[in-house]
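For reference, the chains in residue letters:
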Amino acid sequence: MRVLVTGGAGFIGANFVHQTVRERPDAEVTVLDALTYAGDRGSLAPVADRVTLVEGSITDGPLVDRLVGESDLVVHFAAESHNDNSLDDPSPFVQTNLVGTFTLLEAVRKHGVRFHHISTDEVYGDLELDDPAKFTPSTPYNPSSPYSSTKAGSDLLVRAWVRSFGVQATISNCSNNYGPYQHVEKFIPRQITNLIDGGRPKLYGAGLNVRDWIHVEDHNSAVWAIVEKGRIGETYLIGADGEKNNLEVVQTLLEIFGRDPGDFEHVNDRPGHDLRYAIDASKLRDELGWAPRYTDFRSGLEATVEWYRANEAWWRPAKAAVEAKYAAQGQ
Ligand code: NAD
Ligand code: TDX
């Protein structure tokens, strides 16, 4: 099977490529990635002999048309993915997340290629901290940020291309991922690398916002389950019942590093900061028989800390500029 992975040099896409190469010897993998600040050729180095990396943008119609025409399946991870950046400059979010997804949809429509669209739980907005409810596939869309609104728009494009043009597509909306190869701008790698450097974790506001953490390997095994067994046109929510507030995550990291549980800083909050995300993944579990394997958050976090300790050469080049940008925002 010829698989085109967009955004395969980013965090989740690179882990997807590693998992695919490891578990599916007959898959021929091509990655289309613009190698923005978030993409790193080095993330694919361990599988370079099994993967063709094409440097280019999903907004490039002729390139996308050619690559899709040579594929049996497209798994679409490429996106501008960081909320804080979308508050600074929304324009690449509109280009990549909306125009890029549109460009891919036109190509899969023309060539009749199976398409899986990777999206986020943030399209549903947020939940109250004391609300027992979780997001389900019927929760109304209510995105808060330029990032999540462009992801919501891209989901709606996919749904419309399924209904209007019979495109063979599925959608997944996943909760917050953690694991190897995540950019140091994101919450968990930022705090791990601060701690490796002897610094303090930085909590936005009071640190009470809740995220529903899932290991990236579990996200990607769910994607394969949907690609192989999901019903065309359906949306599946991916989550592993991993709700934690940001303060709890920071305190677990401090414990892993043998530091004092109070040794963190409160910094400026994110404007419009979503309070809580929580996923009801029962459709995925019941219909497709999927289950997560990384159910112990603390040991998943310990393994992730070990990965960042062992792979300083991978993250170090980006660290100073990320911290300078945050410092300019009081974060
Ligand atoms: P990331 O920022 O680490 O990686 C994005 C990748 O896309 C990078 O390699 C980048 O170079 C590439 N890219 C950006 N613009 C491109 C363009 N125009 N053309 C081609 N490539 C381009 O993101 P991630 O965290 O790996 O997220 C991957 C996908 O998963 C995104 O669609 C995101 O919305 C979704 N998602 C992420 C999470 C999470 O917790 N990180 C959770 C749910 C869903
Ligand atoms: O230094 C920090 N301190 C802090 O308290 C950073 C960088 C973040 N935070 C908070 C903000 C959020 O409540 O931690 C939480 C997680 O922040 P991010 O890692 O920026 O993730 P989030 O905004 O929740 O979005 C992520 O999950 C859903 C991904 O970046 C998205 O791509 C995905 O769609």
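Remember, it's a predicted structure, so these values are computed and weren't measured experimentally. (Residues numbered from 1 in each chain as written. Chains lettered and ligands numbered in written order. Predicted model: local features only at pLDDT ≥ 70, side-chain atom pairs only at ≥ 80, totals over all residues. Heavy atoms only, no water.)

J.: Could you give an account of the site of ligand 2, with specific residues and numbers?
T.: Around ligand 2 lies a shell of 22 residues, among which Thr 120, Glu 122, Tyr 147, Arg 270 and His 273 are the nearest. Asn 83 places a side-chain nitrogen or oxygen 2.9 Å from an oxygen atom of ligand 2. Arg 190 is positioned with one of its side-chain polar atoms (N or O) 2.7 Å from an oxygen atom of ligand 2. In isolation ligand 2 exposes 660 Å². Once the protein is present, 94% of that is buried. When contributions to the shell around ligand 2 are tallied by element, the ones reaching two or more residues are helix H6 (187-196) and strand S8 (202-204). Here the shell around ligand 2 is built from residues that sort into six nonpolar, nine polar and seven charged. Residue-level mapping places the shell around ligand 2 at the junction of two domains, with at least three residues from each of domain 1 (2-177 + 214-238) and domain 2 (185-211 + 244-277 + 295-323). (Near = heavy atom within 4 Å. Polar contact = N/O pair within 3.5 Å; in protein donor to acceptor, adjacent residues only side chain to side chain. Areas by Shrake-Rupley, 256 points an atom, 1.4 Å probe, with all protein chains shown as cover. Helix = DSSP H or I, 4+ residues; strand = E, 2+ residues; numbered from the N terminus. Nonpolar A, V, L, I, M, F, W, Y, C, P; charged D, E, K, R; others polar. Domains from an automatic or database assignment.)

J.: Give a detailed account of the site of ligand 1, specifying residues and quantitative values.
T.: Near ligand 1, the surroundings consist of 28 residues, among which Ile 12, Asp 33, Ser 81, Tyr 147 and Lys 151 are the closest. One nitrogen or oxygen atom from the main chain of Ala 34 is found 3.0 Å from a nitrogen atom belonging to ligand 1. Lys 151 is positioned with one of its side-chain polar atoms (N or O) 2.6 Å from an oxygen atom of ligand 1. Of all the secondary-structure elements, those providing two or more residues to the shell around ligand 1 are helix H1 (11-23), strand S5 (114-120) and helix H5 (146-165).

J.: Residues and numbers for empty space enclosed by the protein, please.
T.: Applying the stated rule across the entire model yields one cavity of 30 Å³ or more. Size it by volume and the largest cavity reaches roughly 60 Å³. Lining the largest cavity are Asn 83, Leu 87, Glu 122, Ser 144, Ser 145, Arg 211, Arg 270, Pro 271, Gly 272, His 273, Asp 274 and Tyr 277. Partitioning the lining of the largest cavity into residue classes produces three nonpolar, five polar and four charged. When residues of the lining of the largest cavity are assigned to domains, at least three fall in each of domain 1 (2-177 + 214-238) and domain 2 (185-211 + 244-277 + 295-323). (1 Å grid on protein atoms, 1.4 Å probe; cavity = no way out; pocket = protein on both sides within 12 Å on 5 of 7 lines; lining within 4 Å. Points joined across faces, edges and corners; volume = space filled by probe spheres on them.)

J.: Let's hear about the pattern of salt bridges: which residues, and what values?
T.: Applying the stated criterion across every chain yields a total of 27 salt bridges. Note that Lys 134 is salt-bridged to Asp 241, the shortest N-O span being 3.1 Å. In this pair, Lys 134 sits in the loop between S5 and H5 while Asp 241 sits in the loop between strand S11 (235-238) and strand S12 (243-245), placing the two residues 107 residues apart along the sequence. The partner of Arg 200 in a salt bridge is Asp 263, and the shortest N-O contact between them spans 3.2 Å. Residue Arg 200 is found in the loop between H6 and S8, and its partner Asp 263 is found in the loop between helix H8 (246-256) and strand S13 (265-267); the two are separated by 63 residues along the sequence. Among the residues examined, Arg 200 registers a relative accessible area of 35% and is labelled partly exposed. (Salt bridge = Lys/Arg side-chain N within 4 Å of Asp/Glu carboxyl O. Buried < 20%, exposed > 50% of the residue type's maximum accessible area, 1.4 Å probe, protein only.)

J.: Please give an account of the domain arrangement of the chain that cites residues and values.
T.: The assigned domain composition of the chain is domain 1 (2-177 + 214-238) and domain 2 (185-211 + 244-277 + 295-323). Taken over both partners, the interface formed by domain 1 and domain 2 buries close to 1700 Å², and the fraction arising from carbon and sulfur atoms is 48%. When the buried surface of domain 1 facing domain 2 is broken down by residue, His 82, Asp 126 and Leu 129 rank first, second and third, together holding 29% of it. On the surface where domain 1 and domain 2 come into contact, there are one salt bridge. Arg 270 is paired through a salt bridge with Asp 84; the nearest N and O atoms lie 2.7 Å apart. Applying the counting rule to domain 1 against domain 2 returns 14 residue pairs in polar contact (both at pLDDT 80 or more). Residue composition of the side of domain 1 that touches domain 2, grouped by class: seven nonpolar, eight polar and eight charged. (Buried area = accessible area lost by both parts, 1.4 Å probe.)

J.: Report on the environment of Val 31, specifying residues and quantitative values.
T.: By secondary structure assignment, the location of Val 31 is in strand S2 (residues 28-33). When near neighbours in sequence (up to four residues on either side) are disregarded, Val 31 contacts Val 5, Gly 8, Ala 9, Val 17, Leu 44, Val 51, Thr 52, Leu 53 and Val 54. (Contact = heavy atoms within 4.5 Å.)

J.: How would you explain the packing of H6 against helix H10 (residues 297-310) if you had to name every residue and give the values?
T.: Running from N to C, H6 and H10 cross one another at 60°; their axes reach a closest spacing of 10 Å. Looking at the two axes, H6 sits oblique to H10. Crossing of H6 over H10 shows right-handed handedness. Packed against H6, whose contacting residues are Ile 188, Pro 189, Ile 192, Thr 193 and Ile 196, the element H10 presents Phe 297, Leu 301, Thr 304, Val 305, Tyr 308 and Arg 309 at the interface. Here the contact of H6 with H10 is composed, by residue class, of eight nonpolar, two polar and one charged. (Axes fitted to C-alpha atoms, helices over the stretch in contact; angles between N-to-C directions. Parallel < 35°, antiparallel > 145°, perpendicular 65-115°, else oblique. Left-handed = near helix turned anticlockwise from the far one by under 90°.)

J.: If you had to explain the packing of aromatic side chains to someone new, which residues and values would you point to?
T.: Across all of its chains, the model carries 15 aromatic pairs by this definition. Here the aromatic rings of Trp 161 and Phe 165 are separated by 5.4 Å at their centres, their planes lie at 70°, and the arrangement is edge-to-face. Placement of the pair is Trp 161 and Phe 165 together in helix H5, with a separation of four residues, close to one helical turn. The buried category is assigned to Trp 161, whose relative accessible area is 13%. Classification of Phe 165 by relative accessible area gives partly exposed; the value is 39%. Between the aromatic rings of Tyr 308 and Trp 314, the centroid separation amounts to 6.5 Å while the plane-to-plane angle is 75°, which identifies the pairing as edge-to-face. Take Tyr 308 and Trp 314: they sit in the same class, and that class is buried. (Phe/Tyr/Trp six-rings, centres within 6.5 Å; stacked < 30°, edge-to-face > 60°.)

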